[in-house]
Amino acid sequence: MIPLPTVHPTRWLAASLIGLGLCSPAVAQEDPIKVGILHSLSGTMAISESTLKDTLLMLIEQQNAEGGLLGRELEPVVVDPASDWPLFAEKARELLAQEEVDVIFGNWTSVSRKSVLPVVEELNGLLFYPVQYEGEESSANVFYTGAAPNQQAIPAVDYLMNEVGAERWVLAGTDYVYPRTTNKILEAYLKAHGVADEDIMVNYTPFGHSDWQNIVADIKRFGSQGKKTAVVSTINGDANVPFYRELGNQGIDAADIPVVAFSVGEQELSGIDTAPLVGHLAAWNYFMSVDTDANYDFIDGWIEYTGDEMAVTNDPMEAHYIGFNMWKEAVRKAGTTEVDAVKQAIIGVSVPNLSGGHAAMMPNHHITKPVLIGEIQDNGQFSIVWETPSTVAGDAWSDYLEGSRDLISDWRQPLECGNYNVVEGSCGGSEAEEDVASAE
């Protein structure tokens, strides 16, 4: 007797239904590819993250209109971790273990990413993280499409030093791992460039902080000592609105004490009076005002999707655009959505960015990006005043921290290590990782 081939029961049933005329071939296709969307739709971070959820829904809709991926439809699975960091981990587990998504796009704050990190590593998921962060991390399961410090914070400080002439520095941030670690890097960088301790002021406030009167008064006094002073802001979420309002209330304008922000973009400025903020700065890798055909096409698609002629685009949206397209290319290259195959296939993948160039995925799971400095205009947009001559490769480990400068990350075989010490010739734990854990 010739043995019959083993047939998956679902496929056998679908084939039988087609034969009976009870099911169309389109319905009988393989199960959809599930795309997890892990962004806060409520709470203090909703002002920034809700837009990223909609960006992904638009990209998925566009891809399905083109026939899906590998002949399969993309199905978004949206959850709301509600700006609650432990809930991010629970929702990530729900997406991977219950919904069985093939990939997750999500998170904004580093504390939420660090909450999710052990879950995606345990369950071998894929996470595409679209926001600037502090570095000092490299995971086999995470692809960092936002800026590392050498792609935002360091160039911004260089600009303020060299172009603005800043000599005193206020490092103002929200009290969590990203601002603390970024400012630790910046303090080391400033001191290496001859800045004295007394010329650096550091301040942290909780998420959602609203009473800025005393802090802004302190900044004003600090900046009145006869040296050009600048504020480097890692303030996150809706706390930015009262912060900038108080700057205006106390008459601090960009000509006196310029602020360069790392977490304020077009979305955060929409709906508020930006007249008092004109001249203040932001450092990103994309602005809506970028003059390229690719950007205009993206903006037109976004306005059409939202139905809002006043809809704005921003840097993390572009990071999701890049990450989504990189994931698609890796899936096509691998011929499967299987995680380990996609992780190997994606290194070296290059896709267009919205600034007229290309972004490439590096062996350390960071990408290449241009660095732009934008000046706030009275219409809530940014005028680009400076940019790097070419793209910059993201560095997972800072050259300015003692425990990091000897580390590299390379997830290619055979090394496959996120923190390889080039001096010791070993892969393992590091002081930098411990420092990040303590910063939380």
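Every chain begins its residue count from 1, and numbering advances along the sequence as written. Residue-level local features of this predicted model are given only where pLDDT is at least 70; pairs of side-chain atoms are given and counted only at 80 or more, and the full residue set underlies all totals for whole chains, interfaces and linings. Just so you know, side-chain values use all the structure's heavy atoms and leave hydrogens and water out.

**Looking at a negative patch on the surface**
Moving on, step 1. Note that patches include only residues with greater than 30% relative accessible area and no salt bridge, and the join distances are 9 Å for like charges and 5 Å for nonpolar side chains (Val, Leu, Ile, Met, Phe, Trp, Tyr). Each accessible area value is a Shrake-Rupley result obtained with a 1.4 Å probe; residue values ignore everything except the protein chains displayed when judging cover. What counts as a salt bridge is simple: a side-chain nitrogen of Lys or Arg found within 4 Å of a carboxyl oxygen of Asp or Glu. His residues and chain termini do not enter the charge count, which takes Lys and Arg as positive and Asp and Glu as negative. Working definition for charges: the position is that of NZ of Lys, CZ of Arg, CG of Asp or CD of Glu. Together, Glu-61, Asp-291, Asp-293, Asp-297, Asp-300 and Glu-304 make up a region of like negative charge exposed at the surface.
Moving on, step 2. To qualify as a helix, a DSSP run of H or I must reach at least 4 residues; to qualify as a strand, a run of E must reach at least 2; elements of each kind are numbered from the N terminus. In terms of residue count, helix 10 (residues 293-306) provides more of the negative patch than any other element does, four residues in total.
Moving on, step 3. Topologically, Asp-291 is positioned in the loop between strand 10 (281-284) and helix 10.
Moving on, step 4. Summary of the burial criterion: residues with accessible area below 20% of their type's maximum are buried, those above 50% are exposed, and those between are partly exposed, where the area comes from a 1.4 Å probe applied to protein chains only. When its relative accessible area of 63% is taken as the criterion, Asp-291 is described as exposed.

**Some words on a nonpolar patch on the surface**
Moving on, step 1. On the surface, Ile-408, Leu-415, Val-422 and Val-423 cluster together into a nonpolar patch covering about 330 Å² of accessible area.
Moving on, step 2. Topologically, Val-423 is positioned in the loop between strand 18 (417-421) and strand 19 (426-427).
Moving on, step 3. Val-423 sits in the exposed class, given a relative accessible area of 59%.

**Overview of the pattern of salt bridges**
Moving on, step 1. As enumerated under the stated definition, the model contains 16 salt bridges in all.
Moving on, step 2. Arg-332 serves as the salt-bridge partner of Glu-329, at 2.6 Å between the closest nitrogen and oxygen. A residue pair is termed a helical-turn pair when its members lie 3 or 4 positions apart in one helix, as Glu-329 and Arg-332 do in helix 11 (residues 315-334) at three residues.

**Section: the environment of Leu-407**
Moving on, step 1. Among the structural elements, Leu-407 can be located in strand 17 (residues 407-410).
Moving on, step 2. Distance in space between the C-alpha atoms of Leu-407 and Ser-426 is 9.7 Å, their sequence separation being 19 residues.

**Some thoughts on the packing of aromatic side chains**
Moving on, step 1. A pair of Phe, Tyr and Trp rings is counted when the ring centres sit within 6.5 Å of each other, with Trp represented by its six-membered ring. The angle between the planes then sorts it: under 30 degrees is stacked, over 60 is edge-to-face, the rest tilted. Here the structure, examined in full by the defined rule, presents 18 aromatic pairs.
Moving on, step 2. Arranged with centres 5.9 Å apart and planes meeting at 50 degrees, the rings of Phe-105 and Phe-324 form a pair that is tilted. Of this pair, Phe-105 sits in strand 3 (residues 103-106) while Phe-324 sits in helix 11, and the two are 219 residues apart along the sequence.
Moving on, step 3. You can call Phe-105 buried: its relative accessible area is 0%.
Moving on, step 4. On the basis of relative accessibility, which here comes to 1%, the residue Phe-324 falls in the buried class.

**Quick look at the sheet that holds strand 5 (residues 142-144)**
Moving on, step 1. On the basis of which strands lie adjacent, the open sheet formed by five strands has the order 2-1-3-4-5 and parallel pairing. Sheet topology places strand 2 (74-79) and strand 5 at the edges, where each strand pairs with a single neighbour. Strand-to-strand twist of the sheet, defined as the mean angle between neighbouring strand axes without regard to direction, takes the value 25 degrees.
Moving on, step 2. For two strands to pair, DSSP has to find at least two bridges joining them. Bridge count between strand 3 and strand 4 (residues 127-129): two bridges; the pairing is parallel. Residue pairing in the sheet places Ile-104 in a bridge with Leu-127 of strand 4.
Moving on, step 3. Note on contacts: a residue pair qualifies if any of its non-hydrogen atoms lie within 4.5 Å across the two residues. Each axis is a line fitted through C-alpha atoms, and for a helix only the stretch in contact is used; angles between axes span 0 to 180 degrees, taken between their N-to-C directions. Helix 11 contacts strand 1 (33-38), strand 2, strand 3 and strand 4 of the sheet and is inclined by roughly 170 degrees relative to strand 3.

**Section: helix 8 (residues 240-249)**
Moving on, step 1. In terms of residue burial, helix 8 counts as a mostly covered element, since seven of its 10 residues are buried.
Moving on, step 2. Residues of helix 8 that are buried include every one of Asn-240, Val-241, Pro-242, Phe-243, Tyr-244, Glu-246 and Leu-247, and no others.
Moving on, step 3. The inward-facing, buried residues of helix 8 abut helix 2 (46-65), helix 7 (213-222), strand 8 (229-234) and strand 9 (259-261).
Moving on, step 4. Two residues or fewer past helix 8, Gly-251 is found with a positive phi of approximately 70 degrees.

**Some details on the confidence of the model for the protein**
Moving on, step 1. One confidence number per residue, pLDDT, is output by the predictor and ranges from 0 to 100. The predicted model of the protein averages 90 in pLDDT, with 91% of residues at 70 or higher.
Moving on, step 2. Segment residues 1-28: pLDDT under 50, and 10 contacts once partners within four positions in sequence are set aside and those in other chains are kept.
Moving on, step 3. A low-confidence stretch, residues 430-440 (pLDDT under 50), is modelled with 24 contacts involving residues beyond four sequence positions or located in other chains.

**Concerning the state of the cysteines**
Moving on, step 1. To count as a disulfide, a pair of cysteine sulfur atoms needs to be within 2.5 Å. This structure, assessed with the given rule, holds one disulfide.
Moving on, step 2. Residue Cys-417 pairs covalently with Cys-427 via a disulfide, S to S 2.0 Å. On the sign convention where negative means left-handed, the S-S torsion of about 95 degrees between Cys-417 and Cys-427 marks this disulfide as right-handed. Pair noted here: Cys-417 is in strand 18 and Cys-427 is in strand 19, with a separation of 10 residues, a long-range link.
Moving on, step 3. What makes Cys-427 partly exposed here is its relative accessible area of 49%.

**Some thoughts on the pairing of strand 15 (residues 382-387)**
Moving on, step 1. Both strand 14 (residues 372-376) and strand 15 contribute to a ladder of five bridges, which runs antiparallel. Bridge assignment links Ile-376 to a residue of strand 15, and that residue is Phe-382.
Moving on, step 2. From the end of strand 14 to the start of strand 15, which pair antiparallel, there are five residues, and Gly-380 there has a positive phi angle of about 85 degrees.

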